[in-house]
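Residue-level structural notes
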Amino acid sequence: MSAKSSYRGRLAPTPSGSLHIGHALTFARAWERARQAGGALVLRVEDLDAPRCRPEFVSGIIEDLRWLGIDWDEGPDCGGPFAPYEQSRRLPLYLDAWRRLNAAGHIYPSAHSRRDVERALSAPHEGEEGPVFPAQLRPESFERVEEPGAVNWRIRLPYGRVVRFRDALAGDCEFVAGRDFGDFLVWRKDGWPSYELAVVADDAAMGVSEVVRGADLLLSTARQILLYEALGWAPPLFCHCPLVRDAQGRRLAKRAAGLSIAELRARGLSAGELLAMATQWHG
Ligand code: GLU
């Protein structure tokens, strides 16, 4: 399928579990927006968190997406001009982004907060945000280097800066650096970028024009906008979909019992019925 417009969207699942009805709705929306715009859709596998990601989840996700009637133009299964489409194979690109931030003096080595570091490989979903990093913990000076080495790196954010963006679904959004989020990890001492850096480097490199994802990543969008700015790149447009919640109002987790696409399909639900059910659950 060739793209007739400049719209480029992406599906960016993390293969650390099976997809549930919440994912179905977000991915269906991403597909719909790309197709309505006559654009292209990229499938990118976000498998940076190696211990949690498994190949069988990748094949399960591809199967679920196909069953939902979602197709894509580029991806690990069909290739494309921006291959590879698995984050675990895109380290050189992330290193380039690190070098760019380093050369412009936007990042600093930081030994603080092991918990942050552990969690930095995954997108921080609702309830997973840590405390704001205090500016006092920034180093006063540090030795300039050309490679990240075995050190964690944070971005130095303009605390007090208001980040505003207009979201296609969530409307006008506003967050303040240093109040709603702080200096975040861009690089881990084990040699891998954080989720935030990898996603920005990939979306920019793959020419993504609109990011469609769950509303629990709105705060990450504010972070990523500042990262785009530091890198000197233009951010894409954003469309954050309402979350699907369970009867207790909680966001559905990856292994939401009985609500995985595979289980519902096995129970005989059609793709249309599943999407209708997910729509009713919007929180
Ligand atoms: N891979 C991320 C997740 O599953 C989504 C990241 C994004 O859409 O930016 O949570």
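Position numbers for residues start from 1 in each chain and track the written sequence from start to end. Totals for whole chains, interfaces and linings use all residues, but because this is a predicted model, local features are given only for residues with pLDDT of at least 70 and pairs of side-chain atoms are given and counted only at 80 or more. Note that water and hydrogens are dropped before the side-chain values are worked out from all heavy atoms of the structure.

1. Quick notes on the packing of helix H1 (residues 21-36) against helix H8 (residues 271-280)
Packing of H1 against H8 brings their axes to within 9 Å, and their N-to-C directions diverge by 100°. Comparing the axis directions of H1 and H8 gives the class roughly perpendicular. Contacts from Ile21, Ala24, Leu25 and Ala28 in H1 reach Leu274, Leu275, Met277, Ala278 and Thr279 in H8. The residue classification treats Ala, Val, Leu, Ile, Met, Phe, Trp, Tyr, Cys and Pro as nonpolar and Asp, Glu, Lys and Arg as charged. All others, Gly included, are polar. Residues that form the contact of H1 with H8 fall into these classes: 8 nonpolar, 1 polar and no charged. Where helices are involved, their axes are fitted lines through C-alpha atoms of the stretch in contact, as for all axes, and angles between N-to-C directions lie from 0 to 180°. For the purposes of this entry, the term helix denotes a DSSP run of H or I that reaches at least four residues, the term strand denotes a run of E that reaches at least two, and both are numbered from the N terminus. Working rule for angles: under 35 degrees goes down as roughly parallel, over 145 as roughly antiparallel, 65 to 115 as roughly perpendicular, anything else as oblique. Any two residues whose heavy atoms approach within 4.5 Å are treated as being in contact.

2. Here we look at the pattern of salt bridges
Side chains that differ in charge, positive against negative, can pair when their charged atoms come close. Salt bridges are identified by distance alone: a Lys or Arg side-chain nitrogen within 4 Å of an Asp or Glu carboxyl oxygen. This model, assessed by the stated rule, comprises 24 salt bridges. The closest approach of N and O atoms between Asp71 and Arg35, which form a salt bridge, is 3.1 Å. Within this pair, whereas Asp71 is found in the loop between helix H2 (55-67) and helix H3 (91-103), its partner Arg35 is found in helix H1, the two being separated by 36 residues in sequence. On the accessibility criterion, Asp71 (28% relative accessible area) is partly exposed. Between Glu174 and Arg164 there is a salt bridge, with the nearest N and O atoms lying 3.0 Å from each other. In this pair, Glu174 sits in strand S6 (residues 171-176) while Arg164 sits in strand S5 (residues 162-167), placing the two residues 10 residues apart along the sequence. Think of it in three bands: with a 1.4 Å probe and only protein chains considered, a residue is buried below 20% of the maximum accessible area for its type, exposed above 50%, and partly exposed in between. Residue class for Arg164 comes out exposed when judged on its relative accessible area of 57%. Ionic contacts of the salt-bridge type, sharing partners, join the residues Arg10, Arg44, Glu46, Arg90, Asp202 and Asp203 into one network.

3. A look at the site of the ligand
The nearness test applies per residue and asks whether one of its heavy atoms lies within 4 Å of the molecule or strand. Within the structure, the ligand sits among Arg10, Ala12, Thr14, Glu46, Ala123, His125, Tyr195 and Arg213. Within the backbone of Ala12, a nitrogen or oxygen atom sits 2.8 Å from a nitrogen atom of the ligand. Polar contacts, as used here, are pairs of N or O atoms within 3.5 Å; protein pairs need one atom able to donate a hydrogen and one able to accept it. Residues neighboring in sequence count only if both atoms are side-chain atoms. Between His125 and the ligand, the recorded distance is 2.6 Å, taken from a side-chain N or O atom to an oxygen atom. Look at the ligand: alone it shows 300 Å² of surface, and the protein chains cover 90% of it. The residue inventory of the shell around the ligand, partitioned by class, reads 3 nonpolar, 2 polar and 3 charged. Methods summary: accessible areas were calculated by the Shrake-Rupley approach with a probe of 1.4 Å, and residue burial reflects only the protein chains presented.

4. Things to note about the sheet that holds strand S4 (residues 153-155)
Reading across the sheet, the 3 strands line up as S3-S4-S7 and stay open at both edges, with antiparallel pairing between neighbours. Strands with a single pairing partner mark the edges of an open sheet, and in this sheet they are strand S3 (107-109) and strand S7 (185-187). Here the strands of the sheet are splayed against their neighbours by 40° on average, with no regard to which way each runs. Pairing between strands requires that DSSP locate at least two bridges from one strand to the other. By the bridge criterion, 2 bridges tie S4 to S7 in an arrangement that is antiparallel. Following the sheet pairing, Trp153 is matched in S7 by Trp187.

5. So, the state of the cysteines
Put plainly, a disulfide is one covalent bond tying together the sulfur atoms of two cysteines. By convention in this document, the label disulfide applies to cysteine sulfur atom pairs within 2.5 Å. As enumerated under the stated definition, the model contains 0 disulfides in all. Looking at the unpaired Cys173, the closest cysteine sulfur is the one in Cys239, lying at 11 Å. Cys239 supplies the cysteine sulfur nearest to Cys241, a cysteine that is in no disulfide, at a spacing of 4.8 Å.

6. Describing the packing of helix H5 (residues 195-205) against helix H6 (residues 218-231)
Put simply, H5 and H6 touch, their axes get as near as 10 Å, and they point 60° apart. The element H5 and its partner H6 pack so that their crossing is right-handed. Two secondary-structure elements touch here, H5 through Tyr195, Glu196, Leu197, Val199, Val200, Asp203 and Ala204 and H6 through Ser220, Arg223, Gln224, Leu227, Tyr228 and Leu231. Partitioning the contact of H5 with H6 into residue classes produces 8 nonpolar, 2 polar and 3 charged. Less than a right angle of anticlockwise turn of the near helix away from the far helix marks a crossing as left-handed, whereas a clockwise turn marks it as right-handed.

7. Remarks on H8
If you check which residues of H8 are buried, you get Ala271, Leu274, Leu275 and Ala278. Mapping the buried residues of H8 onto a view down its axis gives an arc of 95°, with all of them on the same face. Those residues of H8 that are buried lie in contact with H1, H2 and helix H7 (261-266). Read the arc as the range of directions from the helix axis to the C-beta atoms.

8. A closer look at the environment of Gly17
Here Gly17 is to be found in the loop between strand S1 (8-11) and H1. A relative accessible area of 0% means that Gly17 is categorised as buried. Separated by 35 residues in sequence, Gly17 and Arg52 place their C-alpha atoms 8.3 Å apart.

9. What about the packing of aromatic side chains?
Classification of ring pairs uses Phe, Tyr and Trp, with its six-membered ring standing for Trp, and accepts pairs whose centres are within 6.5 Å; under 30 degrees between planes counts as stacked, over 60 as edge-to-face, and the remaining range as tilted. Tallied over the entire structure, the rule returns 4 aromatic pairs. Ring centres of Phe165 and Phe175 lie 6.3 Å apart, and the angle between their planes is 25°; this geometry places the pair in the stacked category. Linking Phe165 in strand S5 with Phe175 in strand S6, this pair joins segments that are 10 residues apart in sequence. For the pair formed by Phe165 and Phe175, the shared burial category is buried. Taken together, the ring pairs connect Trp98, Phe142 and Trp153 into an aromatic cluster. Criterion for a charge above a ring: Lys NZ or Arg CZ within 6 Å of the ring centre, and within 35 degrees of the ring normal. Here the basic side chain of Arg138 rests over the ring of Tyr159, its NZ or CZ set 4.4 Å away from the ring centre.

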